Amino acid sequence: MLVNQFLILAAVLFCIGVYGVIARRNAVMVLMSIELILNSVNLNLIAFALRNGSADGHVFALYIIAVAAAEVGVGLALVLLVYRNRKSIGLEELSEMKG
Amino acid sequence: MSSPLLAAVSWTVPTVDYHGLAPEIVVALGLCVVMLVDLFLAERSKWLLASLSGFTLLGAFIPVLTLALDDGGARAMFDGRYVIDDFSLILKGLFLLAGYVVVLLSTTYIEEGEYYQGEYWVLMLSSILGMMMMTSSRDLISVFVALEFLSIPAYMLAAWRKRDAKSNEAGVKYFLLGVFASAVMLYGMSLLYGVTNSTLLSDIGASISGELTAVRIIAIVFVIVGFAFKVSAVPFHTWAPDTYEGAPTPVTAFLSVASKAAGFVALVTVLYVAVPEGSDVWQPLVWVLAVLTMTVGNVLALRQTNIVRMLAYSSISQGGFILMPLAVAAEGGAGGAALRSVVTYLIVYAATNLGMFAVILTVSRKTRSGEISSFGGLFGYAPALGVVMTFFLGSLAGIPPLGGWIGKFSAFQAVLEAGTGWAYAIAVIGAVNSVVAFGYYGNVMREIWMRPVPDANTMPIRTPAQLVLALAITTISTLALGVLPGVALHFGDLAIFAGAFAG
Amino acid sequence: MDQLRDANWVLSVGTFLPLAGVLVMLFIPKAEEQLNKAVALLTALATLAVGVYTMTQFDYDQAGKMQFVAETNWISVIKSTYHIGVDGISLPLYFLSMVITVLVMIYSWNHIPSPGNPKAFLMLMLVLQTGMAGTFIAQDLILFFVFFEIVLLPMYFMIGVWGGENRQYASLKFFLFTMFGSALMLVAFLALFFKTGAESFAIPYLVENGGAIAKNTQVWIFAGMFIGFAVKVPMFPFHTWLPDAHTQAPTQGSVILAAILLKLGTYGFMRIAIPTLPGAAVEWAPWIGLLAVIGIIYGALGCLAQSDMKRLIAFSSVAHMGFVMLGISTLTSFGMNAAVFGMVAHGLITGMLFFIAGSVKERYHTLEISRLSGMLQQVPKLGWILGFCAMASLGLPGLAGFWGEFPAILSAYNPADGLSEEAFRVYMVIAALGTVFAAAYLLWLYQRTAFGEPNPEFTGQGDGHGHHHGDGHDEVHDVNTLEWIAWTPLLVAIVLFGVLPNLMFKIIDPAVTTIVSGFGG
């Protein structure tokens with residue numbers, strides 16, 4: 001069945017996303033990587049819903065899409081805030097506090 | 001193969017138990033009222049918003065009480081996806097009262113800041129609403145929605161002083177790591193759904209048993225890692241010190257108490273209801289997390305010079321103690337004791353830590369400093385604040401008869417009830433850690449009692465009425481919980497999740 | 001039995017009355033120093049009055065039984081109750097704590113150490129009194145633990161705020177040592193609770209059921225308690241906090257520390273560790289005995305090496321508590337009798353010695369033994385009292401110290417069944433040697449400080465160097481009225497119990513017999 005291919009695709013997307021979060025030093029790129037993870041989750045859910053023959057996965061995916069939109073909204077607002085104050089969105093420069 | 005959507009044909013309107021939902025409804029309405037009133041208020045009467053928020057939280061406490069007094073048993077809605085039982089009521093009460101104290105802490109701070117006030121209260125109320133939903137959620141979807149509902153406003157609160165670089169940094173770090181953690185947790189949840197074909201926690205619990213396949217192990221691990229971020233367990237704690245230090249101090253109080261408690265609520269619900277049979281996987285994981293959390297938190301706290309940052313590490317370390325009984329919760333019937341210990345610990349920790357922040361806010365109004373040394377000689381010129389702060393420090397260190405000891409005690413009790421080798425090992429590690437912790441709590445006490453005033457400025461401290469009330473509430477609860485620990489333990493003595501570890 | 005239960009309010013009132021005084025003092029401004037002192041002293045006196053009443057109502061024919069027992073719900077969820085009572089072991093220590101607090105309050109009337117603030121100082125002392133009294137009457141492990149810990153913070157502040165130059169280090173060391181011990185002790189308490197079926201924390205219940213635990217487990221649980229109590233006693237090698245704490249503490253703190261706080265540890269051994277875990281006690285006893293005699297010798301040698309009078313007395317405490325522990329480790333009623341007597345005697349004598357050290361410091365502004373001399377000439381009364389206490393401390397027959405030390409040594413000749421006689425006879429010989437050392441260091445101390453000519457530094461005569469201006473010298477005066485009031489009861493008690501030891505043995509013996517009945521001693 002095709003479901004397994006979807007799951008593998010989702011796993012690959014997840015790994016790329018995690019790598020992006022860890023390796024990228026640009027706040028927007030990190031945000032995009034997180035989106036990638038969320039989409040891999042959605043893919044997973046839809047594929048499982050198809051295999052299991054239940055609607056819960058679809059519902060879950062819809063919620064995730066909605067919440068992710070809110071999250072990105074807040075996230076970009078925060079990034080914009082940082083950009084206004086520092087003219088940069090590099091994460092390595094966010095080091096006011098240490099210890 | 002029929003479409004899954006067509007399979008659910010017999011759809012009926014679910015019954016809604018309005019009494020059961022009343023606390024949430026009150027907070028939701030109050031939130032809307034605050035938002036609307038804010039639009040029409042002149043700048044000088046914005047203080048009304050604080051009172052409105054406070055009354056909303058107290059108002060929501062009334063239905064919590066009526067529900068608690070009603071002994072009709074647990075109320076379940078939506079096929080058991082949203083449950084109002086003793087566990088959720090006690091924690092709702094805790095969140096509402098903690099929220100009320102945070103409102104008291106915030107009032108003067110927010111009025112004296114030059115930022116938007118209305119938004120602050122709306123965000124705070126939404127976050128509390130999310131926490132209340134979390135206590136009742138018994139479904140992966142509602143757990144997720146509640147988690148985001150409480151987190152997203154918190155990200156914005158952390159960055160509330162928007163022209164302050166530290167506050168920005170606090171918000172961005174909190175946001176990125178928080179969202180990343182929930183994404184990882186979601187991946188785990190999607191796998192859980194995949195292997196059990198249900199999002200209802202109790203269904204998942206019923207189908208996960210016997211041999212654990214690789215997918216199940218990964219699913220459980222990812223979900224726990226997601227919550228570990230939320231409760232700032234080491235090694236997923238890196239956001240906490242920066243966020244706590246950078247965020248406005250009342251928000252830090254809120255995050256370190258309420259948000260952390262909500263994380264534990266979610267963790268406990270998932271562990272107890274969804275994956276009790278997966279204890280072979282999560283017990284060792286939680287064991288390691290607990291040991292690392294209490295030890296690393298302690299060691300790093302020892303070398304802090306900023307009081308809020310020190311409290312951030314102290315709160316990490318306290319989180320380790322809350323995790324400790326969960327590491328053996330499935331052994332030898334210790335499940336009930338572990339649950340009791342978590343709830344008890346959260347209650348006393350909330351009272352103590354909020355009180356601590358109340359003192360810090362009061363003192364920093366005079367000293368304008370966050371350094372531990374700014375507390376030097378406090379006992380000399382403000383004896384009441386000095387003594388109260390000593391109570392809170394002693395309570396966090398777990399010294400009887402101050403509240404904190406009963407939290408630590410019940411944690412040790414739960415661990416020893418399990419009685420396995422791992423349990424004894426973690427008990428001894430915990431005992432040693434509770435001594436090390438006195439190193440930094442005692443350091444603050446030493447400043448307060450034994451050191452000179454740093455700038456020889458011994459003007460008395462003017463304490464605003466709201467902070468006096470907050471101090472009174474937290475001091476009395478800290479002392480009362482310590483002297484009559486039966487009260488706190490009684491709240492924690494919950495018969496819910498029955499059969500979670502029956503097998 | 002009913003008549004024993006009639007007065008079950010007595011102990012609670014006696015224990016918590018000091019807290020009522022604290023509450024009253026909260027509302028008295030700091031500046032009203034005399035009023036604060038008066039309220040504190042009155043509270044302590046009222047507490048003592050309750051203590052005297054307790055003594056009069058105590059049924060001495062049944063001293064082996066718990067009396068004035070009160071039992072009520074406290075933390076029902078974890079099966080811990082508010083359960084209190086006194087028997088022949090508790091009563092002397094309970095009463096001693098009240099007496100000492102009153103005497104220390106009297107002494108404090110014009111001896112508030114720098115930086116002043118009698119209100120806070122006396123409030124802490126009252127809280128301390130509640131913790132001490134409560135520990136001696138608690139019949140429930142959790143209650144015991146709470147009282148045991150209550151004394152920590154007040155003592156920490158007493159040393160840390162009102163202490164000597166190195167006070168912050170000393171207070172933290174005191175705190176960390178004790179807390180480390182009590183953390184492990186708590187774990188041991190919980191283990192004991194679960195291993196006896198998770199039924200109750202009541203000590204009588206645990207005494208009944210503790211013996212059934214597998215011996216190997218008992219040994220481990222005992223280890224946890226051992227660390228907790230041994231730190232408090234303090235036994236070698238956990239004693240290092242003691243000299244620092246004593247040296248740095250203000251006089252009042254030292255007196256309370258020596259007279260009462262150290263007894264919490266030995267009392268814990270007798271009341272909890274040994275009766276609840278008899279199997280482990282037999283295994284541990286030779287090691288406890290060994291550490292006890294090491295403590296005796298080590299403390300004595302430590303004394304010989306000290307140049308500071310207060311530090312010397314502190315080390316002598318280590319040695320004396322060694323005798324007490326040796327008595328306990330024999331697990332015989334003879335040894336335990338000696339131990340309880342030794343605790344009270346050490347409380348009286350060493351408490352008194354610390355009072356003297358405080359007064360010497362006040363007059364000479366130093367405790368360097370090499371700078372003190374000729375006290376008998378300059379302050380003859382103080383000199384004689386020091387001599388008297390030194391004699392009492394080295395165990396001169398006829399004074400209280402003798403009845404703590406001598407029977408403890410004797411008891412080691414014939415330890416309880418199951419203990420190695422050879423080992424304990426060796427201990428006996430070493431401990432006897434320890435008394436010789438004790439005589440040596442105390443007499444040497446006395447010789448150096450009291451005999452000879454007064455140091456010209458402090459006489460105001462023959463001082464040609466000009467760095468003394470005469471004003472300070474009138475401070476070197478003899479014992480004043482307040483000191484007499486504070487000290488006389490202790491001095492009288494030292495003689496009284498020295499001449500009539502049976503006054504106390506009569507109370508202790510039945511209670512001790514109950515404890516050791518399991519050992520066939």
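Conventions and cut-offs
Residues numbered from 1 in each chain as written. Chains lettered and ligands numbered in written order. Predicted model: local features only at pLDDT ≥ 70, side-chain atom pairs only at ≥ 80, totals over all residues. Helix = DSSP H or I, 4+ residues; strand = E, 2+ residues; numbered from the N terminus. Rg over C-alpha atoms; globule rule 2.2 N^0.38 Å. Buried ≥ 20, exposed ≤ 12 C-beta atoms within 10 Å, placed from the backbone. Contact = placed C-beta atoms within 7 Å. Core = buried A, V, L, I, M, F, W, Y, C linked by C-beta atoms within 7 Å. Domains from an automatic or database assignment. Nonpolar A, V, L, I, M, F, W, Y, C, P; charged D, E, K, R; others polar. Expected span 1.5 Å × (residues − 1). Arc of directions from axis to C-beta. Axes fitted to C-alpha atoms, helices over the stretch in contact; angles between N-to-C directions. Parallel < 35°, antiparallel > 145°, perpendicular 65-115°, else oblique. Left-handed = near helix turned anticlockwise from the far one by under 90°. Pairing = 2+ DSSP bridges. Bend = angle between axes of the 7 residues up to and from the residue. pLDDT = per-residue confidence, 0-100.

Draft legend 1. Spatial organisation of the overall build of chain B. Along its length, chain B carries 20 helices and two strands. Taken against the 2.2 N^0.38 rule, which gives 23 Å for 503 residues, the C-alpha radius of gyration of chain B at 22 Å falls within 12% of a compact globule. Across its three principal directions, the C-alpha atoms of chain B cover 80 × 60 × 45 Å. Burial analysis of chain B (503 residues in total) assigns 65% to the buried set. Taking contacts inside chain B between residues at least 6 apart in sequence as the whole, the part at least 24 apart equals 81%.

Draft legend 2. Quick look at the overall build of chain C. On a plain count of helices and strands, chain C comes out with 22 helices and two strands. Its C-alpha atoms put chain C at 75 × 60 × 40 Å along the principal axes. Counting every position in chain C, which comprises 521 residues, the buried fraction comes to 62%. Of all intrachain contacts in chain C linking residues separated by at least 6 positions in sequence, the fraction that spans at least 24 positions is 79%.

Draft legend 3. Focus on the interface of chain B and chain A. With 41 residues of chain B at the interface, the matching set in chain A holds 38 residues. Only α1 (4–7), α6 (140–158), α7 (165–196) and α10 (239–246) of chain B provide two or more residues apiece to the side of chain B that touches chain A. Among the elements that make up the side of chain B that touches chain A, the one with the highest residue count is α7 of chain B (17 residues).

Draft legend 4. Looking closely at the nonpolar core. The biggest cluster of nonpolar side chains holds 443 residues, and the ones touching the most others in it are Leu346 and Val415 of chain B together with Val187 of chain C. Mapping this core onto the domain boundaries places at least three of its residues in each of domain 1 (1–197) and domain 2 (277–460 + 475–521) of chain C. Once you skip the residues sitting within four places of it in the chain, Leu346 of chain B turns out to touch Leu94, Ala261, Phe264 and Ile322 of chain B.

Draft legend 5. Quick peek at the interface of chain C and chain B. The interface of chain C with chain B comprises 27 residues on the first partner and 24 residues on the second. Listed by contribution, the elements that provide at least two residues to the side of chain C that touches chain B are β1 (67–75), α6 (141–150), α7 (152–162) and α8 (167–195) of chain C. Counting residues per element, the side of chain C that touches chain B draws most heavily on α8 of chain C, which supplies 13 residues. Residues belonging to the side of chain C that touches chain B are distributed by class as follows: 23 nonpolar, three polar and one charged.

Draft legend 6. Structural view of helix α19 (residues 465–483) of chain B. All names here are of chain B. Its 19 residues place the ends of α19 27 Å apart at the C-alpha level, agreeing with the 27 Å of an ideal helix rising 1.5 Å per residue. Looking at α19, one finds that the buried residues are Gln466, Leu467, Ala470, Leu471, Thr474, Thr475, Ser477, Thr478, Leu481 and Gly482. Down the axis, α19 shows its buried residues gathered within 165 degrees of arc, on one side only. Along α19, the residues that are exposed and aim more than 90 degrees away from the buried face are Ala465 and Ile476.

Draft legend 7. Focus on the packing of α10 of chain B against helix α13 (residues 307–326) of chain B. Residues and elements named next belong to chain B. Closest axis-to-axis distance for the α10/α13 pair is 8 Å, and the angle between their directions is 140 degrees. With respect to α13, the element α10 is oriented oblique. In the packing of α10 onto α13, the handedness of the crossing is right-handed. Facing α10, whose interface residues are Ala240, Pro241, Tyr244 and Glu245, α13 presents Val308, Arg309, Leu311, Ala312, Tyr313 and Ile316. Among the residues forming the contact of α10 with α13, the class breakdown is eight nonpolar, no polar and two charged.

Draft legend 8. A look at the pairing of β1 of chain C. Residue and element names in this part refer to chain C. In terms of strand pairing, β1 meets strand β2 (residues 80–86) through six bridges, oriented antiparallel. Across the sheet, residue Ile75 finds its bridge partner in β2, namely Ser80. If you look at the hairpin formed by β1 and β2, you'll find four residues sitting between the two strands, and Lys79 has a positive phi there, around 60 degrees.

Draft legend 9. Representation of the environment of Asp87 of chain C within the structure. All names here are of chain C. Tracing the chain through its elements places Asp87 in the loop between β2 and α4 (90–108). Taking the C-alpha atoms as reference points, Asp87 and Val69, separated by 18 residues in sequence, lie 9.7 Å from one another. Ignoring any residue separated from it by four or fewer positions in sequence, one finds Asp87 in contact with Ala63, Gly64, Lys65, Met66, Gln67 and Ala511.

Draft legend 10. Representation of the environment of Phe48 of chain A in the model. Here Phe48 of chain A is to be found in helix α2 (residues 27–52). Here Phe48 of chain A is in contact with Gly57 of chain A together with Ser190, Tyr193 and Gly194 of chain B, once residues within four sequence places are set aside.

Draft legend 11. Layout of the domain arrangement of chain C. All names here are of chain C. Along its sequence, chain C is organised into domain 1 (1–197) and domain 2 (277–460 + 475–521). Relative placement of domain 1 and domain 2: their C-alpha centres are 24 Å apart. On the domain 2 side, the residues contacting the 17 residues of domain 1 number 20 residues.

Draft legend 12. Region of interest: helix α11 (residues 249–274) of chain B. Residue and element names in this part refer to chain B. Look at α11: 36 Å from first C-alpha to last across 26 residues, which is about the 38 Å you get at 1.5 Å a residue. Of all the bends in α11, the greatest measures close to 30 degrees and is centred on Leu255. By the criterion of burial, α11 is predominantly enclosed, with 26 of the 26 residues buried.

Draft legend 13. Here's a closer look at the arrangement of the chains. Summarising the chain contacts, two pairs of chains touch, and the pair with the most contacts is chains A and B. These two, chain A and chain C, are apart from each other, with no contact and a minimum C-alpha gap of 25 Å.

Draft legend 14. Structural view of the packing of α4 of chain C against helix α12 (residues 251–276) of chain C. All names here are of chain C. Here α4 crosses α12 at 170 degrees, and the two axes come no closer than 9 Å. With respect to their mutual orientation, α4 and α12 come out roughly antiparallel. Of α12, the residues touching α4 (which contributes Leu93, Leu96, Ser97, Ile100, Val104, Tyr107 and Ser108) are Gln252, Val255, Ile256, Ala259, Ile260, Lys263 and Tyr267.

Draft legend 15. How the structure looks around unusual backbone geometry. In the segment running from Val234 of chain B into Pro235 of chain B, the intervening peptide bond is cis, with an omega of 5 degrees. Checked against the element boundaries, Pro235 of chain B lands in the loop between α9 (214–230) and α10. Of note, the amide linkage connecting Ser114 of chain C to Pro115 of chain C takes the cis form, showing an omega dihedral of 10 degrees. Along the chain, Pro115 of chain C falls in the loop between α4 and α5 (118–137). Its identity as a non-glycine residue notwithstanding, Lys79 of chain C has a phi of 60 degrees, on the positive side. Here Lys79 of chain C is to be found in the loop between β1 and β2. Of the residues examined, Lys79 of chain C has 16 C-beta atoms within 10 Å and is grouped as partly exposed. In this structure, His365 of chain C takes a positive phi of about 60 degrees despite not being glycine.

Draft legend 16. Looking closely at the confidence of the model for chain C. Residue and element names in this part refer to chain C. Confidence along chain C averages 89 in pLDDT terms, with 95% of residues attaining 70 or more. Predicted confidence for residues 462–473 stays below pLDDT 50, and this span has seven contacts to residues more than four positions away or in other chains. The ipTM assigned to the predicted complex is 0.94, against a pTM of 0.90.

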